[in-house]
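# Structure assessment
Next come the chains, spelled out residue by residue.
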Amino acid sequence: MIVDGSSPPLPLKRRRFTNIDSMEAESAKAKLAAAKEKFGREIRVFETASLSSTQNGVPDTEELDDFFEFTAEDYFRLMSTKKEDKFLKTRKIREAEEAARRSRITKAVIRVRFPDNHTLEVTFHPSETMQSLVDLITKVIARPDLPFYLYTTPPKKQIKDMTQDFFSSGFIPGAIVYFSYDLPKGDDAAAVNSSPFLQEEIMSLKGLEFIAEAAQPELAQSTPESAAASPMPSPVVQESKPTEKKTAKPKWFKM
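The following refers to the structure shown. Please read these numbers as outputs of a predicted model, since none were measured by experiment.

## So, the overall build of the chain
When helices and strands are tallied, the chain shows nine helices and seven strands. Looking at the chain as a whole, 31% of its 255 residues are labelled buried. Expressed as a percentage of contacts within the chain between residues at least 6 apart in sequence, the contacts between residues at least 24 apart total 77%. Total accessible area computed for the chain in this model is approximately 18,400 Å², and 55% of it derives from carbon and sulfur atoms.

Below, the structure written as structure tokens:
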């Protein structure tokens, strides 16, 4: 289940890469591997297409609380997607089914969406807690000295229990959460929200996974299978003509 807003997910801005050589692809893979080694996780950064932008080009900040009011339409949408058991189950059966579901799910892909339309995608284990997500965000944001909070929508709900794991929170196999600085409204908050939210090192990872993926088909086409490139000539089988037997005439036969 993907935990997200009431509107359909915004399309991702995927750059079109042409003529990607192997050196560029290897450089992209090296940067992604270095980030994984430094932070201990796979990190992806991409940009979502903004549905509305201001005329002066300033990124949109957090929406007002009225925007996240829980409506009747939201209620019926959530109830239609919620699966309820038709039969009563014992506690032992429920625990066994939950354990089976936990064993099948091995990762939780969490996407943190920032007000400047950039999204940070990180992979966690379902048994990890919300605190691990907060710790990682503290390492990658541009202003870790400022207080911040995470929330989901709809309705707007701030994540406060940092001891809850991703599986218990319903953040599996993935979820989208939103980032916001916890600052009073004013000039200082406006200045902070108009600046980049992620560190320059993290922003340099944007689009690298697309470069690595786009280079794979080209590499596969440039190195075809040897059997298809240079087919082995089929062996020529020489047909052996049957030897004609010379009819020997008996000595007593005379013409």
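## Re the nonpolar core
Ile 110, Val 112, Leu 120, Leu 133 and Phe 179 are the most contacted members of the largest nonpolar core, which has 39 residues in total. Of all the elements, helix α4 (residues 130-140) adds the most residues to this core, at six residues. Not counting residues within four places of it along the chain, the set of residues in contact with Ile 110 comprises Leu 120, Glu 121, Val 122, Phe 124, Leu 133, Phe 166, Phe 171, Ala 175 and Val 177.

## With respect to the pairing of strand β4 (residues 118-124)
When you tally the buried positions in β4, you get seven out of seven residues, the bulk of the element. With burial as the criterion, each face of β4 is covered, one bearing His 118, Leu 120, Val 122 and Phe 124 and the other bearing Thr 119, Glu 121 and Thr 123. In the sheet, strand β2 (residues 43-47) pairs with β4 via five bridges, with the strands oriented antiparallel. Pairing of Glu 47 across the sheet is with His 118, part of β4. Here strand β3 (residues 108-113) runs beside β4; their pairing, made up of six bridges, is antiparallel. Counted as the bridge partner of Val 112 is Leu 120 from β4. Between the end of β3 and the start of β4, which pair antiparallel, lie four residues, with Asn 117 showing a positive phi angle near 75°.

Calculation criteria
Within each chain, residue numbers correspond to sequence positions counted from 1 in written order. It should be noted that, the model being predicted, local features are given only for residues of pLDDT at least 70 and side-chain atom pairs only at 80 or more, the latter also being counted only at that level, while totals for whole chains, interfaces and linings use all residues. Note that the side-chain values use all heavy atoms of the structure and ignore hydrogens as well as water. Think of it this way: any DSSP run of H or I at least four residues long counts as a helix, any run of E at least two long counts as a strand, and we number them from the N terminus. Three exposure classes are used, based on accessible area relative to the maximum for each residue type with a 1.4 Å probe and protein chains only: buried under 20%, partly exposed in between, and exposed over 50%. The criterion used for residue contact is that any of the two residues' heavy atoms lie within 4.5 Å. For the area figures, the Shrake-Rupley method with a 1.4 Å probe applies, and any residue is considered shielded solely by the protein chains shown. What we call a nonpolar core is a set of buried Ala, Val, Leu, Ile, Met, Phe, Trp, Tyr and Cys residues that are connected through their side-chain atoms within 4.5 Å. DSSP-based pairing: two strands are paired if at least 2 bridges between them are found.

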